[in-house]
Amino acid sequence: MKLKHVLESQQFDQKLLSQIFSLADKLEKKTDQSMKGKIMASLFYEPSTRTRFSFESAMLRLGGSVITTENAREFSSAAKGETLEDSIRVINNYADIIVLRHYEKGASERAALISKVPIINAGDGTGQHPTQALLDLYTIKRELGKIVGVKIALVGDLKHGRTIRSLAYLLGKYEKVKIYFVSPLELKVGDDIKEHLDKHHIAYEEIEDLESIINKIDVLYQTRIQKERFTSEQEYKKFKGCYQIDVKLAKRMRPNAIIMHPLPRVDEILEEVDALPQAAYFKQARYGLLIRMALLKLVSRKVTD
Ligand code: CP
């Protein structure tokens, strides 16, 4: 198996997902220096802690090297007016893989059209965040031991959240999954996602009341209200804190259910929840490292099972 670019969740099928997950399992157990001599460029036009550091850590752990700009809007020649396309053409001379986070939906696809080296979409505006979705699904598999038949609540800002968009596409590849989209009416998930789920006969419900389903779900996937995507502070404040997970609410979940969050969190999961066995969000970040190691290997060369 080999990947050319990683651009969107729709490009994966169940077989490829299983292969990525088994490779991630293997990379947890053994040292692998197969990226020695390769260079990864992390080109980030939006802020990041996990995605950038975990990709960089993944590359270094695999024996490769990293060149990086963590604020490309300010510290790359984008500040002088260089187009994304020209930056990609130039970085093709310096790196074997480009990990790109951009503020515009579709930016990674634009980059892939002209790039001779693999492009990995590390989040494109309100578009997708496929590597996050891969690590989310891997977390579900690792923590619950299954994906088929899982009941999951995707909670919060479903209008702007790219992680839930990518995750919904991946969940749609598994049988008997049930998705509860839990959000205020104004922050509902996009019609494109619902159309995709309808097409693949995946059951879903849109609701506003999280408490009404709290004891029915296997996974509570909480998300941040995305302040940076609102047109005003006033508009953001209307929704800030609209779903808050505290110990009292978490304890109403099924005993084996888990709480996930792509992070960063603001106030939507209280710190008191962190000590509960259901809290899986920091493990989720750890699983991200393994998934990103697997992806770096797969875009670089053919990997046999
Ligand atoms: N989950 C996620 O994408 O986190 P960062 O924005 O810190 O990369």
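Everything numeric here is computed off the predicted structure, so don't read it as measured data. (Residues numbered from 1 in each chain as written. Predicted model: local features only at pLDDT ≥ 70, side-chain atom pairs only at ≥ 80, totals over all residues. Heavy atoms only, no water.)

A. The arrangement of the side chain of D136 in detail. Tracing the sequence through the fold places D136 in helix 6 (residues 130-144). Within the local environment of D136, its side chain forms a polar contact with the side chain of Q284, the two groups lying 2.8 Å apart. Setting aside anything within four residues of it in sequence, one finds D136 in contact with L167, Y221, M260 and Q284. (Helix = DSSP H or I, 4+ residues; strand = E, 2+ residues; numbered from the N terminus. Polar contact = N/O pair within 3.5 Å; in protein donor to acceptor, adjacent residues only side chain to side chain. Contact = heavy atoms within 4.5 Å.)

B. Layout of the UniProt feature "domain: Aspartate/ornithine carbamoyltransferase Asp/Orn-binding" (unreviewed entry) in the chain. According to UniProt, the feature "domain: Aspartate/ornithine carbamoyltransferase Asp/Orn-binding" (unreviewed entry) maps to residues 149-298 in the numbering used here. Secondary structure within residues 149-298 divides into 31% helix and 15% strand; the distance between the first and last C-alpha atoms comes to 28 Å. (UniProt positions renumbered as here; feature names shortened; annotations may be inferred.)

C. Seen up close, the pattern of salt bridges. Scanning all chains against the criterion turns up 22 salt bridges. Taking the shortest distance from any N to any O, the salt bridge between E28 and R142 comes out at 3.0 Å. A residue pair is termed long-range when its members are at least 10 positions apart, and E28 in helix 1 (residues 14-29) and R142 in helix 6 qualify at 114 residues. Under the relative-accessibility criterion, R142 is labelled partly exposed at 32%. (Salt bridge = Lys/Arg side-chain N within 4 Å of Asp/Glu carboxyl O. Buried < 20%, exposed > 50% of the residue type's maximum accessible area, 1.4 Å probe, protein only.)

D. Region of interest: the site of the ligand. By nearness alone, every residue bordering the ligand is listed as P47, S48, T49, R50, T51, R101, H129, Q132, P262 and L263. In this structure, an oxygen atom belonging to the ligand sits 2.6 Å away from a side-chain N or O atom of S48. At a separation of 2.9 Å, an oxygen atom of the ligand approaches a polar side-chain atom of R50. Coverage of the ligand by the protein amounts to 92% of the 250 Å² it exposes when considered alone. Tallied by class, the residues present in the shell around the ligand amount to three nonpolar, five polar and two charged. Domain assignment of the residues forming the shell around the ligand places at least three in each of domain 1 (9-128 + 288-299) and domain 2 (130-285). (Near = heavy atom within 4 Å. Areas by Shrake-Rupley, 256 points an atom, 1.4 Å probe, with all protein chains shown as cover. Nonpolar A, V, L, I, M, F, W, Y, C, P; charged D, E, K, R; others polar. Domains from an automatic or database assignment.)

E. Local environment of helix 6. With 15 residues, helix 6 should reach 21 Å at 1.5 Å per residue; the first-to-last C-alpha distance of 21 Å fits that figure. Most of helix 6 is tucked away, with 11 of its 15 residues classed as buried. When we look at burial in helix 6, the residues that qualify are P130, T131, Q132, A133, L134, L135, D136, L137, Y138, T139 and I140. G145 sits one or two residues past helix 6 and shows a positive phi near 80 degrees. (Expected span 1.5 Å × (residues − 1).)

F. Main features of the UniProt feature "domain: Aspartate/ornithine carbamoyltransferase carbamoyl-P binding" (unreviewed entry) in the chain. The UniProt record annotates "domain: Aspartate/ornithine carbamoyltransferase carbamoyl-P binding" (unreviewed entry) at residues 4-141. Taken end to end, residues 4-141 is 43% helix and 17% strand, and its two terminal C-alpha atoms sit 25 Å from one another.

G. Looking closely at the nonpolar core. I152, L154 and L296 are the most contacted members of the largest nonpolar core, which has 63 residues in total. The leading source of residues in this core is helix 11 (residues 281-300), at 10 residues. Two domains each donate at least three residues to this core, and these are domain 1 (9-128 + 288-299) and domain 2 (130-285). Every residue in contact with I152, bar those within four places of it in the chain, is listed here: I140, L167, L171, K178, I179, Y180, I217, V219 and Y221. Counting 24 residues, the second largest nonpolar core, distinct from the first, contains V182, I207, M253 and I259. (Core = buried A, V, L, I, M, F, W, Y, C linked by side-chain atoms within 4.5 Å.)

H. Just the sheet that holds strand 3 (residues 97-102), in detail. One open sheet holds the four strands; their spatial order is 2-1-3-4, and the pairing between them is parallel. The open sheet is flanked by strand 2 (65-69) and strand 4 (119-124), the only strands paired with a single partner. Neighbour-to-neighbour, the strand axes of the sheet open up by a mean angle of 15 degrees, direction not taken into account. In the sheet, strand 3 pairs with strand 4 via four bridges, with the strands oriented parallel. Along strand 4, the bridge assignment pairs I98 with I119. Of the strands in this sheet, strand 1 (39-44), strand 3 and strand 4 are in contact with helix 4 (residues 84-91), which crosses strand 3 at around 160 degrees. The sheet strands contacting helix 11 are strand 1, strand 3 and strand 4, and the helix crosses strand 3 at an angle near 125 degrees. (Pairing = 2+ DSSP bridges. Axes fitted to C-alpha atoms, helices over the stretch in contact; angles between N-to-C directions.)

I. Here's a closer look at the domain arrangement of the chain. Once the domains are mapped, the chain shows domain 1 (9-128 + 288-299) and domain 2 (130-285). Taking only C-alpha atoms, the centre of domain 1 and the centre of domain 2 are 24 Å apart. One can count four salt bridges joining domain 1 with domain 2. R142 serves as the salt-bridge partner of D25, at 3.6 Å between the closest nitrogen and oxygen. Where domain 1 meets domain 2, there are 16 residue pairs in polar contact (both at pLDDT 80 or more). Secondary-structure elements contributing two or more residues to the side of domain 1 that touches domain 2 are helix 1, helix 2 (50-61), strand 3, strand 4 and helix 11. Grouping the constituent residues of the side of domain 1 that touches domain 2 by class yields 10 nonpolar, 11 polar and nine charged.

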